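Each chain, letter by letter, is given below.
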Amino acid sequence: MYSKQATVAAKLGLHARPAAAFSRAAAQTGKDITISLGENSADAASLLEVMTLGANCGDVVTLSGAEDAIAAIDELVDFIENQE
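Every value quoted in this text rests on a predicted model; they were computed, and no experiment measured them.

Concerning helix α3 (residues 70-82)
The first and last C-alpha atoms of α3 sit 18 Å apart over 13 residues, in line with the 18 Å expected at 1.5 Å per residue. Those residues of α3 not exposed but buried are Ala72, Ile73, Leu76, Val77 and Ile80. Axial view of α3: buried residues confined to an arc of 140 degrees, hence all on one face. Away from the buried face of α3 by more than 90 degrees, exposed residues Glu75 and Asn82 are located.

And the structure:
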């Protein structure tokens, strides 16, 4: 299992448009990736689950997946940290 943390940079957090763009990017990787905030986790490719996490700007989320998802997770971390 590979995990990496990211700080949410989007002003509105992972809500609405940023969450949609993130989940779309996660789905396009074709990998099973989980995003977690505190005790809650969600399928990164599910818009509804990502929005349910309620990640706000400045929150630290953890992305995790199998060893074959390392590149995809690294790309999604960059996405979260550079989304405005």
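Next, the rest of the story.
Here we look at the nonpolar core
Ranked by internal contacts, the top residues of the largest apolar core, which has 22 residues, are Leu14, Phe22, Ile33, Ile35, Val61, Leu63 and Ile80. For this core, the elements supplying multiple residues, two or more each, are α1 (16-29), β2 (33-37), α2 (47-53), β4 (60-65) and α3. The element contributing the most residues to this core is α3, with five residues. If sequence neighbours within four positions are ignored, isoleucine 35 has contacts with Leu14, Phe22, Asn40, Ser41, Ala42, Ala44, Val50, Leu53, Val61, Thr62, Leu63 and Ile80.

Details of the sheet that holds β4
Sheet architecture is open: four strands sit in the order β1-β4-β2-β3, paired in antiparallel fashion. Strands with a single pairing partner mark the edges of an open sheet, and in this sheet they are β1 (2-7) and β3 (40-43). Neighbour-to-neighbour, the strand axes of this sheet turn through a mean angle of 25 degrees, independent of strand direction. Lying over the sheet, α3 contacts β1, β2 and β4, oriented at roughly 10 degrees with respect to β1.

Some remarks on the UniProt feature "domain: HPr" (unreviewed entry) in the chain
Under the present numbering, the feature "domain: HPr" (unreviewed entry) in UniProt falls on residues 1-84. Each end of residues 1-84 is marked by a C-alpha atom, and these two atoms are 29 Å apart; helix forms 40% of the span and strand 25%.

So, the packing of α1 against α3
One can describe the packing of α1 onto α3 by two numbers: an axis separation of 10 Å at closest approach and a directional angle of 165 degrees. As the angle between them shows, α1 and α3 are arranged roughly antiparallel. Taken as a pair, α1 and α3 cross one another with a handedness that is right-handed. The segment α1 lies against α3, with Pro18, Ala21, Phe22, Ala25, Ala26 and Thr29 engaging Ala72, Leu76, Phe79 and Ile80.

Analysis parameters
Residues numbered from 1 in each chain as written. Predicted model: local features only at pLDDT ≥ 70, side-chain atom pairs only at ≥ 80, totals over all residues. Heavy atoms only, no water. Helix = DSSP H or I, 4+ residues; strand = E, 2+ residues; numbered from the N terminus. Expected span 1.5 Å × (residues − 1). Buried < 20%, exposed > 50% of the residue type's maximum accessible area, 1.4 Å probe, protein only. Arc of directions from axis to C-beta. Core = buried A, V, L, I, M, F, W, Y, C linked by side-chain atoms within 4.5 Å. Contact = heavy atoms within 4.5 Å. Pairing = 2+ DSSP bridges. Axes fitted to C-alpha atoms, helices over the stretch in contact; angles between N-to-C directions. UniProt positions renumbered as here; feature names shortened; annotations may be inferred. Parallel < 35°, antiparallel > 145°, perpendicular 65-115°, else oblique. Left-handed = near helix turned anticlockwise from the far one by under 90°.

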